[in-house]
Amino acid sequence: MKVANAVAKILKKEGVEFLIGYPVNQIIEAAAEEDIRTIIVRQERVGLHMADAVSRISSGQRIGVFAMQHGPGTENAFGGVAQAFGDSVPIVVLPGGYPRKQLNITPNFSSLLNFQHVTKWCEQVILPDSIPDAMRRAFTQVKNGRPRPVLVEIPVDVMRADIADDFAYTPTPRLRMAPDPRAVTELAAALVAANRLVIYAGQGVHYARAWTQLRELAELLEAPVTTSLQGKSAFPETHPLSLGSGGRSISKQLHHFLNNADLIFGIGCSFTTTNYGVAMPKGKRIAHATLDPLDINKDIVADLAVAGDAGLTLDALIAEVKDRLKGKPRGRLGAVTREIATLKQEWLAQWMPRLTQKTSPLSPYRVLWDLMHTVDVANTIITHDAGSPRDQISPFWEPTEPLTYIGWGKTTQLGYGLGLAMGAKLAQPDKLCVNFWGDAAIGFTGMDFETAVRERIPILSVLSNNFSMAIELKVMKTATAKYRSTDISGNYAEFARALGGHGERVTEPDDIVPAIRRAVAKTREGTPALLEFITEKAEDFSMFA
Ligand SMILES: Cc1ncc(C[n+]2csc(CCOP(=O)(O)OP(=O)(O)O)c2C)c(N)n1
Ligand SMILES: [Mg+2]
């Protein structure tokens, strides 16, 4: 058999249900022969974002796979892989390579050389017989340890070469790393001793599917919980102990509790310094439990550290904490939840005029508020985009179920959200999958709305069109005044209709809810929808100095 066919058979054995790709790559044809659904995008980057969401939404239980051609396809894919690396998403990338005769000779693009720093495993296969070994290594790495992209580059002549029909391949295992019991004991003692503990959950909780344990520990300790953007939806934000999620913009209650904490316990998070994550106030005691020791003592100093799977760590902590509390809660719950509720009320009261504003152009906050109160939040998966949309939505959207919000931003490529919503819809066809983005973001990846139409991936795309890069207005004052450098134009409702989807432009506050209802109905019929809300150039965010 040909190597490309062997790769497809291995994908099948690894449980891969769809291959997202862009031609020419012989694995696409071979996958179709194996009844693996092939999904062809309009550009590589978006296909990688889709694969990324498949992995995220399944906690890495289903691995997103993307294949593209050598040279241009591979070059154009770089952003998608880099974004998955930045946000630690496990995907398998299968680029073609130049024929062995020209491989690694300038100016031919080498995946092996160029993807080293945006993958955790990057291999080039020279010998046809090495394919099963290379795929075994890649799948073992992508399913274990810290989630991140892996890549196997296969030169086109290797793809066409023969390999024995009876090659051996056993699906790779998933292993969980348990924390050191002594470190857990020390950490449990500190958690119980703390007076004003805040729990900060990262996406490690999603990958470990440890949502129940997170909630149990928080309730045992009667401690408030926040999440990173990537961890958003790991804890129900309607829970009385929720502080909402951390990002560039945050709730007043989160700001208050972090600043008054005597111990911050990060679980399944990296504590990476980033503009798109809430900064830990200086001088706080930090306990850091995470899978990859690479993150420990990286950007913040950990007073206590535990390395291991978030689920196993939480299991062990729950047992230790129960032991210490001896079935007697400390009676803090009432006071803590009252403090949260009071602050939340004050904060929402302050924002309510924006969230319910009746002006045209529309307040983007009003659009989001109406969206959240019109859709079935528990059965919706939503993601933001780079720019104002992220900072507008993340503090106010309250997920109740795990993996219903895809948060991101360790690197923040405009246009990422569309592919994420499409990948989420592939993985969870019964959920309403939504991306909320701006008119700069749609400029990057908008053409792939056509992929949603053609491949029958009925997402709802919510566009905040303010005819501007509003978030850049403050830093581009002269360029805007002299050359209108932050202006953008376009009619995206017409664009969506031209591509075969449902498109509506909404300008009046009273039309927001009916338009959302119509669009959701369209997605149920199988038609992707794009709602273009004409919004003001808002520059206010829920930020605290
Ligand atoms: C690929 C890429 N280039 C540049 C940026 C920097 N950037 C972040 S937001 C933004 C403008 C966002 O404008 P828009 O999407 O219209 O949202 P708005 O702030 O207007 O609501 C820019 C240029 C980025 N995040 N990604
Ligand atoms: Mg804009």
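The preceding data block contains the structure.
By convention here, each chain's residues receive numbers from 1 onward along its written sequence. Note on labels: chains are lettered from A, ligands numbered from 1, in written order. A pLDDT threshold of at least 70 governs which residues receive local features in this predicted model, and a stricter bar of 80 or more applies before side-chain atom pairs are shown or counted, although totals over entire chains, interfaces and linings include all residues. For side-chain calculations, the full set of non-hydrogen atoms in the structure is used, while hydrogens and water are omitted.

(A) Fine view of the overall build of the protein chain. Every helix listed is a DSSP run of H or I at least four residues long, and every strand listed is a run of E at least two residues long, numbered separately from the N terminus. Assigned secondary structure in the protein chain consists of 22 helices and 18 strands. Computation of the radius of gyration draws on C-alpha atoms, with the globule rule given as 2.2 Å multiplied by the number of residues to the power 0.38. Computed over the C-alpha atoms, the radius of gyration of the protein chain is 24 Å, within 12% of the 24 Å expected from 2.2 N^0.38 for a compact globule of 545 residues. Referenced to the eigenvectors of the C-alpha coordinate spread, the extents of the protein chain come out at roughly 70 × 60 × 45 Å. Note on contacts: a residue pair is in contact if any heavy atoms of the two residues lie within 4.5 Å. Within the protein chain, contacts between residues separated by at least 24 positions form 74% of all contacts whose residues are at least 6 apart in sequence.

(B) Representation of helix α12 (residues 252-259) within the structure. The buried label goes to any residue with under 20% of its type's maximum accessible area, the exposed label to any with over 50%, and the partly exposed label to all in between, with areas taken from a 1.4 Å probe on protein chains only. Listing the buried residues of α12 in full gives Gln253, Leu254, Phe257 and Leu258. End-on, the buried residues of α12 take up no more than an arc of 125 degrees, which puts them together on one face. For α12, the secondary structure elements touched by its buried residues are β7 (197-201), β8 (225-227), β9 (242-245), β10 (263-267) and α14 (333-355). Directions drawn from the helix axis to the C-beta atoms are what define this arc.

(C) Empty space enclosed by the protein, seen in detail. Method remark: on a 1 Å grid restricted to protein atoms, a set of points is classed as a cavity if a 1.4 Å probe fits but cannot get out and as a pocket if it is open with protein on both sides within 12 Å along at least five of seven lines; lining residues have an atom within 4 Å of a point. Grid points are joined across faces, edges and corners, and a volume is the space filled by probe spheres set on the points. According to the stated counting rule, one finds one cavity of 30 Å³ or more in the structure shown. Approximately 80 Å³ is the volume attributed to the largest cavity. Taken together, Arg56, Ile57, Gln203, His206, Tyr207, Gln230, Leu403, Tyr405, Ile406 and Gly407 make up the lining of the largest cavity. Where the lining of the largest cavity is concerned, the elements lending two or more residues are α3 (44-57), α10 (204-207) and β14 (405-406).

(D) The pattern of salt bridges, seen in detail. Every case where a carboxyl oxygen of Asp or Glu lies within 4 Å of a side-chain nitrogen of Lys or Arg is listed as a salt bridge. Under the defined criterion, the tally for this structure stands at 33 salt bridges. The closest approach of N and O atoms between Arg56 and Asp87, which form a salt bridge, is 2.9 Å. Of this pair, Arg56 sits in helix α3 while Asp87 is found in the loop between α5 (78-86) and β4 (91-97), placing the two residues 31 residues apart along the sequence. Classification of Arg56 as buried rests on a relative accessible area of 6%.

(E) Representation of the packing of helix α1 (residues 3-13) against helix α7 (residues 131-143) in the model. A fitted line through C-alpha atoms serves as each axis, taken over the contacting stretch for helices, and the angle formed by two N-to-C directions is quoted from 0 to 180°. The contact between α1 and α7 brings their axes to 10 Å, and the two run at 35 degrees. Between α1 and α7 lies a crossing whose hand is right-handed. Note on element contacts: α7 touches α1 through Ile131, Pro132, Met135 and Phe139, opposite Val3, Ala6, Val7, Ile10 and Leu11. Under the scheme applied here, ten amino acids are nonpolar (Ala, Val, Leu, Ile, Met, Phe, Trp, Tyr, Cys and Pro), four are charged (Asp, Glu, Lys and Arg), and all others, including Gly, are polar. Of the residues in the contact of α1 with α7, the class split is nine nonpolar, no polar and no charged. With the far helix as reference, a near helix turned anticlockwise by less than a right angle produces a left-handed crossing, and one turned clockwise produces a right-handed crossing.

(F) Main features of the site of ligand 1. Around ligand 1, 18 residues are found, and the nearest of them are Ser388, Thr412, Asp439, Ser468 and Ala470. Polar contacts, as used here, are pairs of N or O atoms within 3.5 Å; protein pairs need one atom able to donate a hydrogen and one able to accept it. Residues neighboring in sequence count only if both atoms are side-chain atoms. Thr412 places a main-chain nitrogen or oxygen 2.7 Å from a nitrogen atom of ligand 1. Here an oxygen atom of ligand 1 and a backbone polar atom of Ser468 are 2.8 Å apart. Here ligand 1 loses 79% of its free accessible area of 600 Å² to cover by the protein chains. We call a residue near a molecule or strand whenever a single non-hydrogen atom of that residue lies within 4 Å of it. In short, Shrake-Rupley with a 1.4 Å probe defines the accessible areas, and a residue's cover is counted only from the protein chains shown.

(G) Up close: the sheet that holds strand β2 (residues 37-40). Strand pairing follows a simple DSSP-based rule, namely that at least 2 bridges must link the two strands. Here six strands make up an open sheet; going across it, the order is β2-β1-β3-β4-β6-β5 and the pairing parallel. Edge positions in the open sheet fall to β2 and β5 (121-124), since each of these has one partner strand only. Recorded for the sheet is a direction-independent mean angle of 20 degrees between the axes of neighbouring strands. The sheet contact formed by β5 and strand β6 (residues 150-155) spans four bridges and is parallel. Directly across from Gln124, in β6, lies its bridge partner Glu153.

(H) The coordination of the magnesium ion (ligand 2), seen in detail. Around the magnesium ion (ligand 2), the protein contributes the donor atoms Asp439 (OD), Asn466 (OD1) and Ser468 (O), which lie 2.0 to 2.1 Å from the metal centre. Each metal's donors are the N, O and S atoms within 2.8 Å of it, or within 3.2 Å when it is Na, K or Ca, and because water is not part of the set, sites may look incomplete. Sequence positions of the donors to the magnesium ion (ligand 2) reduce to the motif D-x26-N-x1-S. You can see Asp439 sitting in helix α18 (residues 439-445) and its partner Ser468 sitting in the loop between β16 (460-465) and α20 (477-483), a full 29 residues away along the chain. Its relative accessible area of 3% is what places Asp439 among the buried residues.

(I) Structural view of the nonpolar core. Among the buried residues, those of types Ala, Val, Leu, Ile, Met, Phe, Trp, Tyr and Cys that are joined through side-chain atoms within 4.5 Å form a nonpolar core. By size, the foremost hydrophobic cluster in this structure holds 107 residues, and its most contacted members are Leu214, Phe265 and Ile267. Here the element with the most residues in this core is helix α17 (residues 416-427); it accounts for eight residues. Aside from chain neighbours lying at most four places away, what touches Ile267 is Ile199, Tyr200, Ala201, Gly202, Val205, Leu214, Ala289, Ala310, Thr313 and Leu314. If you look at the next biggest cluster of nonpolar residues, it comprises 34 residues, including Ala30, Ile131, Ala134 and Val152.

(J) Representation of the environment of Lys12 in the model. Along the chain, Lys12 falls in helix α1. C-alpha separation for the pair Lys12 and Asp370, spaced 358 residues apart in sequence, amounts to 43 Å. When neighbours within four sequence positions are excluded, Lys12 is seen to be in contact with Glu34, Asp35 and Ile36.

(K) Expanded view of unusual backbone geometry. Cis geometry marks the peptide bond from Pro23 to Val24, where omega comes out at 5 degrees. For Ser59, which is not glycine, the phi torsion reads 55 degrees and is therefore positive. A positive phi angle, near 55 degrees, is found at Phe271, a position not held by glycine. As for its position among the elements, Phe271 is in the loop between β10 and β11 (286-290).

(L) Structural context of the packing of aromatic side chains. Side-chain rings of Phe, Tyr and Trp (the six-membered ring for Trp) are treated as a pair once their centres are within 6.5 Å; stacked means planes under 30 degrees apart, edge-to-face means over 60, and tilted covers the remaining angles. Evaluation of the coordinates by the stated rule reveals nine aromatic pairs. Ring geometry for Trp347 and Phe396: centres 4.8 Å apart, planes at 5 degrees, overall stacked. Pair noted here: Trp347 is in helix α14 and Phe396 is in the loop between α16 (388-393) and β14, with a separation of 49 residues, a long-range link. Given the relative accessible area of 6%, Phe396 is considered buried. One aromatic cluster is present, built from ring pairs that chain together Trp347, Trp351, Tyr365 and Phe396.

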